[in-house]
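Architecture at a glance
As a plain string of letters, each chain reads:
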Amino acid sequence: MFQLLLIKNDASKTLDITPLVGSISWDSNLSLMASMEFDINWTDAKLFPVNPCDLGDVVILTKDGQEVHRGVIVTEGRSGREAIKYTVYDYAWYLGKSKSVYQFNRIPASQAITKILNDFGMLIGSVPYMGTVIDEIYLEKSPAEIIEDIYKRHEKASGKRYNVEMRQGKIYFEEMKDLVIKGTFKLADNIAPVDVLANPLGADRTRTIESMRNRVKILIERDDQEKTKPKYEIVANAQDEGLIRKYGLLEEVFKIDAEDAAKAREVARILLSRLARIHETNSLKLVGDVAFKAGRLLDVDEPITGMKQRFMITAVKHEVKNQIHTMQLELALPEDVK
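We now turn to the structure provided with this report. Since this is a predicted model, take the numbers as computed values, not measurements.

1. Points about the overall build of the chain
Scanning the chain for helices and strands turns up five helices and 23 strands. Put simply, of all contacts in the chain between residues at least 6 apart along the chain, 63% involve residues at least 24 apart. With the model as given, the accessible surface of the chain reaches about 18,600 Å², and the carbon-plus-sulfur share is 49%. Taking the average place of the 48 positive charges on the side chains of the chain and the average place of its 51 negative ones, the gap between the two points comes to 2 Å.

If you want it as structure tokens, here you go:
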């Protein structure tokens, strides 16, 4: 059973507001912040319970005692006597609403990220070591933008992919390869769990070569004081001959720092492996499972549309009405997610 708890922002009391709630929805996507929405049924008739919700209050959604989402009420919407609608953001919302300045002098990416999180009072669940050197000045950027730039640089240099999310008020950075999931639901307590993929409620699939690149070139910028040599130099390239013959030449060029020139061939290989393929965007509507979040990997075998592969969940929208839980998944091939 889903339960919605309200903690007043002065910590004076905790209330179970589940009986007042009409519907609940929450999302997860490949960003630092996640949101939730719910509505409160109310009337101005006498003896009806007073709406206890207010801006700044903390809301915790649980399923059978397991925490699903925690955040702060940011927006309240009223329209006549209709249900009052609330928007809730998790604590990463604060990282996107501030502006700051940081100067990092050749420190590991993970150290830079940890410093920002500590400066803004964020509780850290895990930040794995990221050795990419950060030597950069960030001006008038939000902490969220700075953090994203830093770990994306490390992803590009290392070939690793990271999922970032809040859980129980803490922020976690985790490698995506470790997050393969399977979903189940139960029709009744005395019935065995059923795979959520056994009977999809809906499925859509799109395949395209529009984003395919079958040749990648890596270049660096030379610091030539005398200007006797070209400013830019191609230091590595990689291509897929089979895809070029079949679909024609589709080329992409990437610039890297001169100090990373020794890694140029590996960077070219990694980028080609991500780009040299048919790209897919797919969606599934399924019976809900709270474990389904963005960044998870899911093995799909859906015969109607032909989806039969391992996909990454790029976004998921959960909805609960009258304790009936459904979810809409947006899927992509892991290699297509930038």
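2. Describing the pattern of salt bridges
By the definition in use, this model includes 24 salt bridges. In this structure, K8 engages D57 in a salt bridge whose closest nitrogen and oxygen atoms are separated by 2.8 Å. Pair noted here: K8 is in the loop between β1 (2-7) and β2 (14-16) and D57 is in the loop between β4 (35-40) and β5 (58-63), with a separation of 49 residues, a long-range link. We classify K8 as buried; its relative accessible area is 18%. In this structure D57 comes out as buried when scored by relative accessible area, which is 0%. The closest approach of N and O atoms between E259 and R106, which form a salt bridge, is 3.7 Å. With E259 in the loop between β19 (251-256) and α5 (264-275) and R106 in strand β8 (residues 100-108), this pair connects stretches of sequence that are 153 residues apart.

3. Quick word on the side chain of S23
Note on placement: S23 falls in strand β3 (residues 21-29). Within the local environment of S23, its side chain forms a polar contact with the side chain of D39, the two groups lying 2.7 Å apart. Ignoring any residue separated from it by four or fewer positions in sequence, one finds S23 in contact with E37, F38, D39, V320 and K321.

4. Concerning the sheet that holds β19
Ordered in space as β18-β17-β19, the three strands form an open sheet in which the pairing is mixed. Each edge of the open sheet carries a strand with a single partner, namely β18 (232-239) and β19. Between one strand and the next, the sheet's axes are offset by a mean angle of 25 degrees, whatever the strand orientation. As judged from the six bridges shared by strand β17 (residues 215-221) and β19, these two strands associate in the parallel manner. In the sheet register, V216 faces β19, and the bridge partner there is E252.

5. Topic: helix α3 (residues 143-158)
Taking 1.5 Å as the rise per residue, α3 with 16 residues should run 22 Å; its terminal C-alpha atoms sit 23 Å apart, in good agreement. Following α3 by one or two positions, G159 has its phi on the positive side, about 80 degrees.

6. Considerations on the packing of aromatic side chains
How two aromatic rings sit relative to each other is set out by the distance from centre to centre and by the angle between their planes. Inspection of every chain in the model, using the stated rule, returns seven aromatic pairs. Measuring from ring centre to ring centre gives 6.3 Å for F104 and Y138, while their planes differ by 65 degrees; the resulting arrangement is edge-to-face. Residue F104 is located in strand β8, and its partner Y138 is located in strand β10 (residues 133-141); the two are separated by 34 residues in the primary sequence. Y138 gets classed as buried once you look at its relative accessible area, which sits at 7%.

7. Some points on the sheet that holds strand β11 (residues 162-167)
Spatially, three strands are ordered β9-β12-β11 in an open sheet, and the strand pairing comes out mixed. If you trace the sheet from one side to the other, it starts and ends with β9 (123-126) and β11, each paired once. Strand-to-strand, the axes of this sheet are offset by a mean angle of 25 degrees, without reference to chain direction. In the packing of α3 onto the sheet, contacts are made with β11 and β12 (170-175), and the angle to β11 comes to roughly 145 degrees.

Definitions and limits used
Residues numbered from 1 in each chain as written. Predicted model: local features only at pLDDT ≥ 70, side-chain atom pairs only at ≥ 80, totals over all residues. Heavy atoms only, no water. Helix = DSSP H or I, 4+ residues; strand = E, 2+ residues; numbered from the N terminus. Contact = heavy atoms within 4.5 Å. Areas by Shrake-Rupley, 256 points an atom, 1.4 Å probe, with all protein chains shown as cover. Lys, Arg positive; Asp, Glu negative; His and termini not counted. Charge placed at Lys NZ, Arg CZ, Asp CG, Glu CD. Salt bridge = Lys/Arg side-chain N within 4 Å of Asp/Glu carboxyl O. Buried < 20%, exposed > 50% of the residue type's maximum accessible area, 1.4 Å probe, protein only. Polar contact = N/O pair within 3.5 Å; in protein donor to acceptor, adjacent residues only side chain to side chain. Pairing = 2+ DSSP bridges. Axes fitted to C-alpha atoms, helices over the stretch in contact; angles between N-to-C directions. Expected span 1.5 Å × (residues − 1). Phe/Tyr/Trp six-rings, centres within 6.5 Å; stacked < 30°, edge-to-face > 60°.

By themselves, these are just geometric observations and shouldn't be taken as functional.
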